[in-house]
Amino acid sequence: MHAATFFDGEGWRDGIVEFIGERMLLRDESPASDPPRTDLPRLDGVIIGGFTDHHVHLQLVDHELLRGSTLGRVIDLGANPTVVATLSAALRGAEKATANSSGAKNAPADPRGVTNASESTVSDAFLTPHEIPTPHETPHRTSHPVSVEFAGVFLTPVGGYPSDRDWAPEGSFREIADTEAATEGVAEMADAGASCIKVASNATAGPVFDDDVLRAIVETAAARGLPVVAHAEGAGEAQRAARLGATCLAHAPFTARLDDAEIAAQAASLSWISTLAIHDADSAERTTTVDNVRRFHAAGGSVLYGTDMGNGPTPVGLNPAELAALRDAGIDGVDLLRTLAPQNPLDPASVLLRLPGTDADPTLARPLTSADLKA
């Protein structure tokens, strides 16, 4: 039993951590309670819950590598719902599974934890991502369950993105022709266990929904208690998705620089998933996106860490390049930890990570083990 400082999702506080049976457990009990627990040694370092990647595509990566990462939770934004539900059960530890059924496509993994994604698995909506450094977490791999939430299929217009893309697995999109089909599509994903609804609104790659159909999707999803995440790309699409009630943008806007009024309006109404590192470091899209995110964050907007894992050679785990890009956008320290939406460390089902200190780089995190309590 050790006194420990832990991150509760908003800031740092004190608790007590101990190894019980086969599990590390954290209690919300201050060592300074009355009477104070002066007999307790203090953990070297601090505790944080497993990190969240808010934008992944499990069918395009070796999902089993997540068990050895510092991610405790991922949100799949576009997959065959039957396949991703099976992967979700596997990563929770309920069963072993592969993603090679129902048209799923796994990219072979190399020993560094980076997918060897072929050209056919890279979304052509973006420039090819640059090579990503190997995460610091690799030498400390331990196997742990990973919580998976998913949107299920992309809802897209007939002929819309990504219906003509070779990388899109079979059953990972549904073409919607009208408001009736929109209602049915949302209901099917809700019944399949989706935690959100994914809408493709990519005007650079095909048709997009008219306002009536997109509004019908948003309203039907809201009635089922589901947020709508929009892939908004093309002139004015980010603004239109926000105006029609989307809850979140799957990518921080990169088509054009939003003006300050648009930034303020979006900061007050929806969140952005970062995905900054999908853009080449020297590209106009990267410059535009970082600028938009910097001003959105400064305006009080909610930025969520997400990598579009599976789009190019991204690590199956925490992505140092995405963290560096977020810092370029002025998000660091506690704010950076908040974008990572760590699991509640007081929840016995959460992965517990150890960081060297409260100001440590998140890539230095590693799973907390019983050996940490022997010092």
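Asker: Help me understand the overall build of the protein chain in this model?
Answerer: Scanning the protein chain from terminus to terminus reveals eight helices and 16 strands. The 375 residues of the protein chain split such that 56% are buried. Within the protein chain, contacts between residues at least 6 apart in sequence are counted, and of these 68% link residues at least 24 apart. Approximately 14,400 Å² of the protein chain is accessible, and the part contributed by carbon and sulfur atoms is 50%.

Asker: How should I be thinking about the sheet that holds strand S13 (residues 271–273) in this particular structure?
Answerer: Backbone hydrogen bonds hold the strands of a sheet together, and the pairing may be parallel or antiparallel. Spatially, seven strands are ordered S9-S8-S10-S11-S12-S13-S14 in an open sheet, and the strand pairing comes out parallel. Each having just a single partner strand, strand S9 (173–176) and strand S14 (302–304) make up the two edges of the open sheet. Set on the sheet, helix H3 (residues 211–223) makes contact with strand S8 (154–157), S9, strand S10 (197–202) and strand S11 (228–233); between it and S10 the angle comes to about 165°.

Asker: Which parts of the structure should I look at to understand the nonpolar core?
Answerer: Nonpolar side chains tend to gather and get buried jointly when the protein is soluble and globular. Formed by 74 residues in total, the largest nonpolar core has its most connected members in Leu58, Leu66, Ile197, Ile217 and Trp272. Sorting elements by how many residues they give to this core places H3 first, with six residues. Apart from the residues lying within four places of it in its own chain, the contact partners of tryptophan 272 are Leu249, Ala252, Pro253, Leu258, Ile263, Gln266, Asn292, Val293, Phe296, Ser302, Val303 and Leu304. Core analysis: the next-biggest nonpolar cluster, separate from the first, contains 10 residues, Ala4, Val17, Leu26 and Leu43 among them.

Asker: Help me understand the sheet that holds strand S3 (residues 23–27) in this model?
Answerer: Spatially, S3-S2-S1-S4-S15-S16 is the arrangement adopted by the six strands of the open sheet, whose pairing is mixed. Of all strands in the sheet, those with a lone pairing partner are S3 and strand S16 (366–367), marking the two edges. Taken together, the two bridges between strand S15 (residues 352–355) and S16 define a ladder with antiparallel strand orientation. Bridge pairing in S16 places arginine 354 opposite arginine 366.

Asker: How should I be thinking about the pairing of S8 in this particular structure?
Answerer: Residues in a regular strand point their side chains to alternate faces of the sheet. Residue alternation in S8 divides its side chains into two sets, Phe154 and Thr156 and Leu155 and Pro157, and both sets are buried. Pairing geometry for S8 and S9, over four bridges, is parallel. Bridge assignment links phenylalanine 154 to a residue of S9, and that residue is phenylalanine 173. Two elements, S8 and S10, share two bridges in a ladder whose sense is parallel. Within S10, the residue paired with leucine 155 across the bridge is valine 199.

Asker: Even after reading the chapter, I still don't get the packing of aromatic side chains, so can you show me in this structure?
Answerer: Aromatic ring pairs: the centre-centre distance and the angle between the two ring planes describe each pair. According to the stated counting rule, one finds five aromatic pairs in the structure shown. Ring geometry for tryptophan 272 and phenylalanine 296: centres 3.8 Å apart, planes at 5°, overall stacked. Taken together, the positions of tryptophan 272 in strand S13 and phenylalanine 296 in helix H6 (residues 284–298) put the pair 24 residues apart, joining distant regions of the chain. Phenylalanine 296 carries the same exposure label as tryptophan 272, and that label is buried. These aromatic residues form a ring-pair network of at least three members: Phe154, Tyr161 and Trp167.

Parameters at a glance
Residues numbered from 1 in each chain as written. Predicted model: local features only at pLDDT ≥ 70, side-chain atom pairs only at ≥ 80, totals over all residues. Heavy atoms only, no water. Helix = DSSP H or I, 4+ residues; strand = E, 2+ residues; numbered from the N terminus. Buried < 20%, exposed > 50% of the residue type's maximum accessible area, 1.4 Å probe, protein only. Contact = heavy atoms within 4.5 Å. Areas by Shrake-Rupley, 256 points an atom, 1.4 Å probe, with all protein chains shown as cover. Pairing = 2+ DSSP bridges. Axes fitted to C-alpha atoms, helices over the stretch in contact; angles between N-to-C directions. Core = buried A, V, L, I, M, F, W, Y, C linked by side-chain atoms within 4.5 Å. Phe/Tyr/Trp six-rings, centres within 6.5 Å; stacked < 30°, edge-to-face > 60°.

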